[in-house]
Number of protein chains: 2
Amino acid sequence: MHQLIVVRGSGKLADHQRGYPRWELPNNKLRSLLEAGVGGVILLGGSAAEVALRCTQLRRWAGQPLLLCADVEEGVGQRFDGATWLVPPLALGRLYGREPQQALELAERYGQCTGRDAQGLGLNWVLGPVCDVNNNPANPVINVRAWGEDPATAGALAAAFVRGVQAAGVLGCAKHFPGHGDTSSDSHITLPLLPHSRERLAAIELPPFQQAIAAGVASVMTAHLMLPELDQERPATLSKPVLTGLLRQQLGFGGLIVTDALVMDAITGRYGAGEAAVLALEAGADLVLMPADADAAIAAIAEAVASGRLRVEQLEASAERRLQALERCAGPEAALAVADPEAAAQPNQVLALELVRATMETAGSSGAATPQAGINLIRLDSALAAAAAVLKATAPALARPESRGWSTLLLEGRSPSPWGTDTDAPLAMERLGPGPVLLQLFVRGNPFRGSAGSAEPWPAALRQLARAGRLAGLVVYGSPYLWEELRPLLPPGVPGVYSPGQMPLAQAEALQRLGSGLGLGDTEAGAGFTD
Amino acid sequence: MHQLIVVRGSGKLADHQRGYPRWELPNNKLRSLLEAGVGGVILLGGSAAEVALRCTQLRRWAGQPLLLCADVEEGVGQRFDGATWLVPPLALGRLYGREPQQALELAERYGQCTGRDAQGLGLNWVLGPVCDVNNNPANPVINVRAWGEDPATAGALAAAFVRGVQAAGVLGCAKHFPGHGDTSSDSHITLPLLPHSRERLAAIELPPFQQAIAAGVASVMTAHLMLPELDQERPATLSKPVLTGLLRQQLGFGGLIVTDALVMDAITGRYGAGEAAVLALEAGADLVLMPADADAAIAAIAEAVASGRLRVEQLEASAERRLQALERCAGPEAALAVADPEAAAQPNQVLALELVRATMETAGSSGAATPQAGINLIRLDSALAAAAAVLKATAPALARPESRGWSTLLLEGRSPSPWGTDTDAPLAMERLGPGPVLLQLFVRGNPFRGSAGSAEPWPAALRQLARAGRLAGLVVYGSPYLWEELRPLLPPGVPGVYSPGQMPLAQAEALQRLGSGLGLGDTEAGAGFTD
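Model, not experiment: these values are computed from the prediction.

Draft legend 1. Structural context of the overall build of chain A. Regarding its fold elements, chain A presents 17 helices and 14 strands. Over its C-alpha trace chain A gives a radius of gyration of 24 Å, about what one expects of a compact globule, namely 24 Å for 531 residues. Expressed along its principal axes, the backbone C-alpha trace of chain A runs to roughly 75 × 55 × 45 Å. Counting the 531 residues in chain A, one finds 63% classified as buried. Across chain A, every contact between residues at least 6 apart in sequence was considered, and the portion connecting residues at least 24 apart equals 77%. As presented, chain A carries roughly 17900 Å² of accessible surface, and 51% of it is formed by carbon and sulfur atoms. Each charge class in chain A can be summarised by its mean position, and for the 42 positive and 52 negative side chains these summaries are 2 Å apart.

Written out as structure tokens, the structure reads:
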């Protein structure tokens, strides 16, 4: 039964590099589990180059075909520096409303790019697409990771992604079954409750999964949430009515069913590491992802077989599904394209830029007047998390205004407060410094989660700056909901840009689109983000 | 003459990953220069794993033995994540005053560790040790990179480092000749002037270089500074009296003389890319590092040979010195230790911790009373630069107080100001929040360079917190000068720690040493920094 377990390892090579040593197995443990036949590893951390070496190493330790997966939903570069980082899926969901054919074509290329990059690293299983319908903008955990806000959009685009990623010889994974879009709590922390009837599920939640299944998706991941209409007792991940009844029998899915990470407190805190694994298999899962304790899970499964609680035939069928999935994968490539990195990277970079351009939105005037340089006010959830990716010191959002004489004021979750006590004029202006203010807000689905207080009063701050004649421009990177809240507040003559992507490539394009009035575009036309 | 040029490349594989595209050649250019016979590459950026792949790739492109170097002065992990990051050299300089034998032994192991790690990555040339005597605490560019504040200390330890690093089959490099310690401007920006006589140089600046040469150091790097007593016209890097007269003839150095990066404005801005390279070779340099334009440098050298300005015999002698140096190197290893990363990393990690422990200093009481959780006030030069290395979200300085209920207040160069207008009580306390304050200052040699204003009033802030009974503890990470300024201000009963190293390993140890009163030690004894 070892092969039904997928454990977590660091993408980095040495133990001392692990970012989360509580969750990432040390090398000696990882190696002995692989030698014992554990079926897969989910990797987090490390650059693309490091992960490529790591995958080679893990395959060598396993000595058998191995599932190697990662949570890459926005291009492999989202997790592994050096691979391609793409705009979040919801950007294409919005585009689909205006240009459905273009959005579909881009979603399929999005999948191909993700598959090619994954394959280049040695990964054979991409844990995407998210098939949840983000019909609750307050959803703290899905949000821009979803492909749409309605079932038709999410389904059409997720299916296109599946076709793309699997054409590259890499397995896809539709998640989080039966739908995690309409929740307002985070199952990383608690167990959300979805009160919906079967009819409502069939109308909203299930269609994207059905489309992904029809597109041949190799695997489906379960959600950690309660659906009392289907199972009063157990969360979807551990529910036979959900996994066997609904997914296997009613929807006719014949591929791999994998749990979401069992280590999450909503599951392990409630059932324990061993029992959670047994319950998942009993419910109809084929693979158990990230049990809190792999040894305990293996022992509990063995005991459940011995006691007759789990049938050997069922586990053999799961093992057989795993082997069939592995046979669908292209063989692991030698390694990353060391011989000619540009040939591998260029088509992907072209797509990344095309996606940035197709999904960016602008509002207001492009600013005819050239104001003097002023304050570049940047809001990040966390500078520490962002610096590694979004906002290195050389990032255009930071470096370009600085090179033109603007001063940066960087607000992040742990900064001293910029807020005073006046709710109509919340920004403590004396802490800003003089001059026009360019507002760049990096916010994904979950506004200002990192801040100590509750929601920050950006609409009031925007009005305050506008009243004072000091608002030079606005860029929202990430959340369409924040953009839609702020855009109507832009005074005439002040340009605004919405960029679904937060990466440097998107920053350069956004500053360009702010218009010549601000003087923050690239001086050499088309020179891209290497400013 | 191509082989006398050392160009700069990114340690990352693909062009789009370059952090500094203005300075790092794109792959097509780098490849064609290597195929034409360029003699070496200096690498910056990338993880250890990525650099290992990169070195293999560059050697393949060159098709000949190649010098592959990096500015690693504080362990290879200082630049390349995954390798070992050691305390700054000046930490051993301070230890040498108390325990000279221990410091010497540790300096040699420091060199061995650096050499082994470099070798594991495929680098064969470490651009260290710094042989400058840091007798000017205001020095903005050398500071904790030096091995000592006096010639005897700096020389003894630098020589020990040379023995260690070269024993691992990797070339060392004594820099910045004839001594950059007594300057108060940064040659990255302007050309510092050193008014010293030959007698003074012989007494202070030269001895560490003489000791490194006696220890067999393979190369010496020149400094970009004016020494009017030796050469009224040209900076040391381009000066025949300095390179040929003093270094080659008077000190009898027979190894490789390499310039510091010619791209720096102090040189290229004044002489131009081609002429600077010719002047350096004329002065007696063997290798030209990072010319602003490699093609221009090669063309100018060719023209200087054609016109008789440079003798072919001299360039051939330099090429011969380069080959001899390469013959001293161990062959490139297959790659990073993928088969058994722990076996490679463990002895280095043991040394890293030993260095942290041997060089940490404490003051004051270890705090008997347990205060309630309060404010963890962290000062960084730049959160964006630091996050990649020093202060990831999981770093002990941040994560451990947070896990015990402390609130973090993160100040960095671009944060809103925490300062009010009262010079005796400069901290605007109402922006801090309530409770005791733990002050953690991450400052290297160049205090608060990232801040908009001039020096920040930390001594007054410390007194202010002490007067208010709110100072719970102080940790200074990096600068011994800031520590010595603040330590006498600690009131009785308030613990203080000085940690020369800023890395997570050092943070865990420093919090442990703050004492049980603060409750920030590791709960499991000896569990290290994986808290």
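Draft legend 2. Region of interest: empty space enclosed by the protein. Inspection of every chain in the model, using the stated rule, returns 1 cavity of 30 Å³ or more. Of the voids in this model, the largest cavity is the one considered here, and its volume is about 30 Å³. Of the residues that constitute the lining of the largest cavity, the class distribution is 5 nonpolar, 1 polar and 2 charged.

Draft legend 3. Molecular detail of the pairing of strand β5 (residues 173–177) of chain B. All names here are of chain B. Of all 5 residues in β5, 5 are buried, a share of seventy percent or more. Note that β5 and strand β6 (residues 219–222) share 3 bridges and pair parallel. In the strand pairing of β6, A174 is matched with V220.

Draft legend 4. Just the sheet that holds strand β9 (residues 361–363) of chain A, in detail. Residues and elements named next belong to chain A. Spatially, 6 strands are ordered β9-β14-β13-β12-β10-β11 in an open sheet, and the strand pairing comes out mixed. Only two strands of the sheet have a single partner each, and these edge strands are β9 and β11 (407–411). Taking the axes of each pair of neighbouring strands and ignoring which way they run, one obtains an average angle of 15 degrees across the sheet. Two elements, β9 and strand β14 (residues 496–499), share 3 bridges in a ladder whose sense is antiparallel. Considered in β14, the bridge of T362 is made with V497. Contacts between helix α15 (residues 458–467) and the sheet are confined to β10 (375–379), β11, β12 (437–443) and β13 (471–478), with β12 contributing the most and set at about 165 degrees to the helix. Strand contacts of helix α17 (residues 504–513): β9, β12, β13 and β14, with the helix running at about 150 degrees to β13, the strand carrying the most contacts.

Draft legend 5. A look at the sheet that holds strand β5 (residues 173–177) of chain A. All names here are of chain A. Strand order in the open sheet made by the 3 strands is β5-β6-β7, with parallel pairing throughout. For this open sheet the edge positions go to β5 and β7 (256–258), each flanked by a neighbour on one side alone. Across the sheet, the axes of successive neighbouring strands diverge by a mean angle of 25 degrees, strand direction being ignored.

Draft legend 6. Examining the nonpolar core more closely. With 141 residues, the main nonpolar core has L34, L58, L92, L123, W125, F177 and L391 of chain B as its most contacted residues. Each of domain 1 (73–229) and domain 2 (361–518) of chain B accounts for three or more of the residues forming this core. Ignoring sequence-local partners within four residues, the contact set of W125 of chain B consists of V6, L67, L68, C69, A70, V170, L171, G172, C173, S219, V258 and L287 of chain B. V87, C113, A218 and M290 of chain A belong to the second largest nonpolar core, which has 140 residues in total.

Draft legend 7. Spotlight on the interface of chain B and chain A. In this assembly, 50 residues from chain B lie in contact with 50 residues from chain A. In total, chain B and chain A occlude about 4400 Å² of area from one another, counting both sides; carbon and sulfur atoms represent 62% of this. Counting the contacts that link chain B with chain A gives 4 salt bridges. Where the side of chain B that touches chain A is concerned, the elements lending two or more residues are α1 (27–35), α2 (48–62), α12 (341–359), α13 (383–387), α14 (396–403) and β11 (407–411) of chain B. Of the residues forming the side of chain B that touches chain A, the biggest block, 6 residues, is contributed by α2 of chain B. Partitioning the side of chain B that touches chain A into residue classes produces 24 nonpolar, 12 polar and 14 charged.

Draft legend 8. Quick look at the confidence of the model for chain A. Residue and element names in this part refer to chain A. Per-residue confidence for chain A gives a mean pLDDT of 89, with 91% of residues at or over 70. Under a pLDDT of 50 for its full length, residues 447–454 has, in the predicted model, 15 contacts with residues more than four places off or in other chains. Within the model, the stretch residues 524–531 combines pLDDT values under 50 with 14 contacts to residues more than four positions away or in other chains. In the model output, the complex is listed with pTM 0.90 alongside ipTM 0.86.

Draft legend 9. Molecular detail of the packing of aromatic side chains. Residues and elements named next belong to chain B. Summed over the entire model, instances satisfying the criterion amount to 16 aromatic pairs over all chains. Residues Y110 and F161 carry aromatic rings whose centres are separated by 6.0 Å and whose planes lie at 65 degrees to one another, so their mutual orientation is edge-to-face. Taken together, the positions of Y110 in helix α4 (residues 100–121) and F161 in helix α5 (residues 151–167) put the pair 51 residues apart, joining distant regions of the chain. Each of the two residues, Y110 as well as F161, counts as buried.

Calculation rules
- Residues numbered from 1 in each chain as written.
- Chains lettered and ligands numbered in written order.
- Predicted model: local features only at pLDDT ≥ 70, side-chain atom pairs only at ≥ 80, totals over all residues.
- Heavy atoms only, no water.
- Helix = DSSP H or I, 4+ residues; strand = E, 2+ residues; numbered from the N terminus.
- Rg over C-alpha atoms; globule rule 2.2 N^0.38 Å.
- Buried < 20%, exposed > 50% of the residue type's maximum accessible area, 1.4 Å probe, protein only.
- Contact = heavy atoms within 4.5 Å.
- Areas by Shrake-Rupley, 256 points an atom, 1.4 Å probe, with all protein chains shown as cover.
- Lys, Arg positive; Asp, Glu negative; His and termini not counted.
- Charge placed at Lys NZ, Arg CZ, Asp CG, Glu CD.
- 1 Å grid on protein atoms, 1.4 Å probe; cavity = no way out; pocket = protein on both sides within 12 Å on 5 of 7 lines; lining within 4 Å.
- Points joined across faces, edges and corners; volume = space filled by probe spheres on them.
- Nonpolar A, V, L, I, M, F, W, Y, C, P; charged D, E, K, R; others polar.
- Pairing = 2+ DSSP bridges.
- Axes fitted to C-alpha atoms, helices over the stretch in contact; angles between N-to-C directions.
- Core = buried A, V, L, I, M, F, W, Y, C linked by side-chain atoms within 4.5 Å.
- Domains from an automatic or database assignment.
- Buried area = accessible area lost by both parts, 1.4 Å probe.
- Salt bridge = Lys/Arg side-chain N within 4 Å of Asp/Glu carboxyl O.
- pLDDT = per-residue confidence, 0-100.
- Phe/Tyr/Trp six-rings, centres within 6.5 Å; stacked < 30°, edge-to-face > 60°.

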